[in-house]
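An overview of the molecular structure
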2 protein chains.
Amino acid sequence: MKAEIISIGDEILIGQIVNTNAAWMSTELNNAGFEVVRISTIPDKKDDIILAINNAAKKADVILLTGGLGPTNDDITKKTLCEYFNTELAFNESAFQQIKTLFGARGFEVTELNRKQAELPKSCTSIANFNGTARGMWFNKKGKIIVSMPGVPFEMKPMMTDFVIPKLKKHFDTPAILHKTILTQGKGESFLAEIIKDWENELPKNIKLAYLPQPGIVRLRLSAKGEDGEILSKQVETEIDKLKNIIPEYIFGYDDDKLEKIVGELLKERKKTLSTAESCTGGYISHLITSISGSSEYYLGSVISYANEIKENILGVSKQSIIEHGVVSRQVVTEMAKGVQEKLNTDYSIAVSGIAGPTGGSVEKPVGTTWIAIATPEKVVAKKFLFGEHRERNIRKTALMALDMLRKEILLDEG
Amino acid sequence: MKAEIISIGDEILIGQIVNTNAAWMSTELNNAGFEVVRISTIPDKKDDIILAINNAAKKADVILLTGGLGPTNDDITKKTLCEYFNTELAFNESAFQQIKTLFGARGFEVTELNRKQAELPKSCTSIANFNGTARGMWFNKKGKIIVSMPGVPFEMKPMMTDFVIPKLKKHFDTPAILHKTILTQGKGESFLAEIIKDWENELPKNIKLAYLPQPGIVRLRLSAKGEDGEILSKQVETEIDKLKNIIPEYIFGYDDDKLEKIVGELLKERKKTLSTAESCTGGYISHLITSISGSSEYYLGSVISYANEIKENILGVSKQSIIEHGVVSRQVVTEMAKGVQEKLNTDYSIAVSGIAGPTGGSVEKPVGTTWIAIATPEKVVAKKFLFGEHRERNIRKTALMALDMLRKEILLDEG
């Protein structure tokens, strides 16, 4: 079964909003056995919306639209759909009650604009929105399904998960498609490709491999197609087992795994605690760790020592070390790791010190030079990296490398 | 002049990559006077690529393609373009030298796969890539321009800025389009719409308004079209001046302004320093502040006190206050703000303490309850907020609200 996603919104076309919805919806559709054949972004204009639906209908069995359902005048999707499906708007009392309930809970008053959002096309099945005022709409046109949802991710996602995907699965008889992504850290795309080329060449014909590089991470995606989900699953497992033997040290997880989550689980299982001392990453490692719900079980906190005095006064780094070796050095990052581990009284700690850039580099220590230290209950290990010239990427690469170093140290401590 | 963007890549269609390129390219095109009429994402398949170019050519004068130029087997754009333009690949010595230079600087060896990337279609003008191995390609087909670039943002962006946009401006005679976005913090979309509806209704016909809500921020985008850029600019300025009189307290900036940058500039101008003490936001405020290059001039650091002992031991929050009022309270957040301000010896400080969720809420203090305090050289102000149930959004909303509170306090200190 083929699906197409149409994102409606001038704000995407002029570049003020990144289309994260389409990516999320694609994943959901793929997992449900639908192949996404195209994603289109079009303006909030009647003719473009109708053209896009007609074009999509040539290829796709399912067409999902998002956007243009807001309370303001620039949103015209609902009117356009009425025209397309030759139907008209009618006030929906239960939709209105839901808006009132939602606003009541937040202590807001219902405006006239919001009242209009309770008007819906007569020929659609309406989809409840528990997080906002715009309902979703499900249309069936001679077996093809067309669904319109709000563009706000927070409102659209529950509609997809709770209503659209289950109903689509019932409506269509879908073939088995399986995606499995292997997450690696530590080597770039072309180097990995060289190491694993024999494995790649010997993959079964129904399994495709794609390389998905990101700063600090290369993801290897296997896509398998077939009749039977269970057979596919075993086939993919076999290939992954082979790969594990070739690059065991680079694989840290699968699919949506996150290093910060994996590290968190390792700590939780072992009842160990963690602290961080960040300089160049400025809180980003701490942010990643605490983005995981429940991280307070193992993560006690951080000292962001952007200024040298804080390295000295709070982390206890010696002035002498800073003068002799510079703040970006094995000596200082090791003292930072020990300092925060002691001060916050944790089993493990991460410390980083580097030159994020774009300024601050020198000949011996160019922008991107970064020291990372991991303190364990027994020792401190420190390593130097050269991450390049771009601030944002350096911060991200440093954080991921630090988390992966910690992961490996925790696993070593078992042996 | 009309432009269309075609993103090539199975990884986008299956949802593993968010198409941030298209958003960025749209902004650049719009600013150069090109109207983006459609963004399409299609698979790494020859027929789909050719169909998409043909479709785009019906509407657009400029077609920009990204993706499918990597060194691995799943990348087929270059071969397909050769077929489309009826040309063939030829080894390009200078492209190969550039790859060698790039790899030499990073201490890497050139692989056979990378050597293939120096093969380019004979009929194109090649575009240098200083950040990677895949060159860009510029084709002119009877006046229509078709450009193919790598999908890695870090490689594509300099090609656009340094080569494609300047060359497009030379090639076409573009009309004036002006976008100006007003950034507001503190009120939701429907409430703003009510307050400013008269202003909206009286906008000149050639100016369109769009609401772009994000967690914690509502952006108001004005799009003006006309003959003369200067006249448009004055027209838009006049409308913004009117709006400033209606909602002065909610406007914090324009276009790509970031609160963290604005706050940083205010501090820098006044030669003042800042520290933060974060609980529920876990380093996110610090990360935002330090994402700005040069922030070390005014930002000294942070104490991320995820655990209560750190609030007590490092920030000097009294045990008594925690027992009597709870960690999420005016009392504790005020002590945190004072504590970090003193300890790190800064002029200003931000402190936050809240229940980010999804667990940890109670009847009196539901998930989303957040206290924010700002310490100034003279006083501490603290306010309570109720941000809702979603962890990631709470963290973001808290951070933006805290930065905006600080911004207002700094400005008040002038008066």
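The structure under discussion appears in the preceding block.
Residues numbered from 1 in each chain as written. Chains lettered and ligands numbered in written order. Predicted model: local features only at pLDDT ≥ 70, side-chain atom pairs only at ≥ 80, totals over all residues.

1. Structural notes on the sheet that holds strand 7 (residues 136–141) of chain B
Sheet strands associate in pairs through backbone hydrogen bonding, adopting either a parallel or an antiparallel arrangement. For clarity, the threshold we go by: Strands pair, by our definition, only if DSSP identifies at least two bridges between them. Helix and strand assignments come from DSSP, with helices taken as H or I runs of at least 4 residues and strands as E runs of at least 2, each series counted from the N terminus. To define axes, lines are fitted to C-alpha atoms, for helices over the stretch in contact only, and angles between the resulting N-to-C directions are given on a 0 to 180 degree scale. Contact between two residues is assigned when their C-beta atoms, built from the backbone, lie within 7 Å.
Strand order in the open sheet formed by 12 strands is 6(A)-7(A)-8(A)-3(A)-1(A)-2(A)-2(B)-1(B)-3(B)-8(B)-7(B)-6(B), with mixed pairing between adjacent strands. Every other strand in the sheet has two partners, leaving strand 6 (125–127) of chain A together with strand 6 (125–127) of chain B as the edge strands with one partner each. Recorded for the sheet is a direction-independent mean angle of 15° between the axes of neighbouring strands. Sheet analysis places strand 1 (residues 2–8) of chain B next to strand 2 (residues 35–42) of chain B, joined by 7 bridges and oriented parallel. Each bridged residue has a counterpart across the sheet, and for B:Ile5 the counterpart in strand 2 of chain B is B:Ile39. With respect to the sheet, helix 2 (residues 20–31) of chain A is in contact with strand 1 (2–8), strand 2 (35–42) and strand 3 (62–66) of chain A, its orientation differing from that of strand 1 of chain A by roughly 165°.

2. A word on the sheet that holds strand 14 (residues 299–305) of chain B
An order of 17(A)-16(A)-15(A)-13(A)-14(A)-14(B)-13(B)-15(B)-16(B)-17(B) is seen for the 10 strands of this open sheet, with the pairing classed as mixed. Edge positions in the open sheet fall to strand 17 (380–386) of chain A together with strand 17 (380–386) of chain B, since each of these has one partner strand only. With direction set aside, neighbouring strand axes in the sheet form an average angle of 10°. As defined by bridge partners, strand 16 (residues 369–375) of chain A adjoins strand 17 of chain A across 7 bridges and the pair is classed as antiparallel. Considered in strand 17 of chain A, the bridge of A:Ile372 is made with A:Lys383. Strands in contact with helix 16 (residues 391–412) of chain A are strand 15 (348–354), strand 16 and strand 17 of chain A; relative to strand 16 of chain A, the strand with the most contacts, it is inclined by about 25°.

3. Focus on the pairing of strand 13 (residues 274–278) of chain A
Residue and element names in this part refer to chain A. Counted only if it meets this: Here a residue counts as buried when 20 or more other C-beta atoms fall within 10 Å of its C-beta, as exposed when 12 or fewer do, and as partly exposed in between; the C-beta atoms come from the backbone. Handedness rule for crossovers: strands pointing away from the viewer, path from the first strand over the helix to the second running clockwise, crossover right-handed.
Across the 5 residues that make up strand 13, a large majority, 5, are buried. Here strand 13 shows a buried face lined by Leu274, Thr276 and Glu278 and a second buried face lined by Ser275 and Ala277. In the sheet, strand 13 pairs with strand 14 (residues 299–305) via 5 bridges, with the strands oriented parallel. Bridge assignment links Glu278 to a residue of strand 14, and that residue is Ile304. Once you follow strand 13 into helix 12 (residues 284–290) and on to strand 14, the crossover reads as right-handed. Bridge count between strand 13 and strand 15: 5 bridges; the pairing is parallel. If you follow Leu274 over to strand 15, its bridge partner there is Tyr348.

As far as function goes, none of this settles anything; it's purely spatial.
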